[in-house]
Amino acid sequence: MKKPTCGILDFGTRENGLNSLLKLDDVINSAATAEQLGFSRYWISEHHFSQKSLAWSNPQAVLPILASSTKKIRVGIAGILLNLYSPYHIATFFKMLNNIYGNRIDLGVANGKPNKHAIKYATGKDELDQSSAFEDKFAALLHYLRDDEDLYMDGTGVVVPPYKGHVPDVWSLSSSAYRSNDRIINLKINLSRSICHEYAEQGFAKERLLELRESYFAANGSYPKINLVVGFICDRTMQKARRTAEKFASAGPYLNLVGCPSYFQEKIAEYQELYGVDEFILYNYSVESRERNLAMRLIGKAVLAA
């Protein structure tokens, strides 16, 4: 069995008493620690909550800071709420950033829906467009990122700098193992499947992912990258981990893994076989900085360094 890799998904949520900038500082330190421990990626989310100490709402302001604070780990956003933005502006930002920081920027795209106030302020509309508009925006985003010659129009069009530069890895974020398969194949992008978001499908669906891989290869001559987003709590002992998990009982089945390092080592290997993936993006439910840092170190030693 292939050795697994693990990345981190961070919402920027931290313990009470920290303001936005202190939370942001902890996220920056966490990304640097993840790099030292051998994690593959560090992704941050986009959420528009009504919280006075919210670490950020638009993660595009934070991503360059994470890239500047690290050297090798891939950093990215999972995911941009594309319906709130112009695909052209997203393309210009991410393509430039990816080339400044050594082709290690990930662009995750989500069809999420924030609250009505964020929709109104961002778009001037009371409601988001239908799902067909999202698909059109996604296709336009890839066009602006990839099709330099078509955009240039023999000098009469535009350039998304740098011309012929590296395009960031683009990921479709989904809580399903199959609903976005056509998009992934047609747009030649990657899949990040979550089982820790609300209403996410919990079934293994390994056969569907294998089918996606083969259909993608038949259409594009290569295989897509696929990872699994997992909600977790990890501590030195099972008892300590379960005690922390009790604070998040409302998460139900979306808090997928709760345990000690040896438990994680066993479960990640089990998930590799059951889900058919070799990369896991870990979302820590704990909001305590000390617990989060400890969990990364325990998993780094048990899973990544094993």
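Before reading further, recall that the structure is shown in the block above.
Residues numbered from 1 in each chain as written. Predicted model: local features only at pLDDT ≥ 70, side-chain atom pairs only at ≥ 80, totals over all residues. Heavy atoms only, no water.

Undergrad: Report on the state of the cysteines, specifying residues and quantitative values.
TA: A complete count under the given rule lists zero disulfides for this structure. Cys6 takes part in no disulfide bond, and the closest cysteine sulfur to it belongs to Cys234, at a distance of 11 Å. With no disulfide partner, Cys234 has as its closest neighbouring cysteine sulfur the one in Cys260, 7.2 Å distant. Since its relative accessible area comes to 5%, Cys234 is described here as buried. (Disulfide = S-S within 2.5 Å. Buried < 20%, exposed > 50% of the residue type's maximum accessible area, 1.4 Å probe, protein only.)

Undergrad: Report on the packing of aromatic side chains, specifying residues and quantitative values.
TA: Enumeration over the complete set of coordinates arrives at 13 aromatic pairs. An aromatic cluster of three or more residues is present, and its members are Phe11, Phe248, Tyr283 and Tyr285. (Phe/Tyr/Trp six-rings, centres within 6.5 Å; stacked < 30°, edge-to-face > 60°.)

Undergrad: Explain the layout of surface pockets to me, using residue names and the numbers behind them.
TA: One water molecule sets the probe size; rolling that probe over the atoms shows where empty space is left. Taken as a whole, the largest pocket spans an internal volume of roughly 1000 Å³. If you trace the largest pocket, you find 36 residues lining it, with Phe11, His47, Gly112, His197 and Glu198 closest to the centre. Mapped onto the lining of the largest pocket, the elements with two or more residues apiece are β3 (74–81), β4 (105–110), β5 (169–174) and β6 (190–194). Sorting elements by how many residues they give to the lining of the largest pocket places β3 first, with three residues. Across the lining of the largest pocket, the residue classes tally to 18 nonpolar, 13 polar and five charged. (1 Å grid on protein atoms, 1.4 Å probe; cavity = no way out; pocket = protein on both sides within 12 Å on 5 of 7 lines; lining within 4 Å. Points joined across faces, edges and corners; volume = space filled by probe spheres on them. Helix = DSSP H or I, 4+ residues; strand = E, 2+ residues; numbered from the N terminus. Nonpolar A, V, L, I, M, F, W, Y, C, P; charged D, E, K, R; others polar.)

Undergrad: Give a description of empty space enclosed by the protein that names residues and reports values.
TA: Evaluation of the coordinates by the stated rule reveals one cavity of 30 Å³ or more. Computed from the structure, the largest cavity encloses a volume of approximately 30 Å³. Every residue along the wall of the largest cavity is listed here: Phe11, Ser45, His47, Leu54 and Trp56. Residues belonging to the lining of the largest cavity are distributed by class as follows: three nonpolar, two polar and no charged.

Undergrad: Help me get a handle on the pattern of salt bridges, residues and values and all.
TA: Two side chains that carry opposite charge are able to pair once their charged atoms sit near each other. The tally for this structure, following the rule as stated, stands at 17 salt bridges. For the salt bridge of Glu279 with Arg41, the shortest nitrogen-to-oxygen distance reads 2.8 Å. Here Arg41 lies in strand β2 (residues 41–44) and Glu279 lies in strand β9 (residues 279–284), a separation of 238 residues in the sequence. With respect to class, Glu279 is no different from Arg41; both count as buried. With a shortest N-O distance of 4.0 Å, Arg290 and Glu291 are connected by a salt bridge. Given a relative accessible area of 13%, Glu291 falls into the buried group. It is possible to trace a salt-bridge network through shared partners that takes in Arg41, Arg74, Asp106, Asp169, Lys225 and Glu279. (Salt bridge = Lys/Arg side-chain N within 4 Å of Asp/Glu carboxyl O.)

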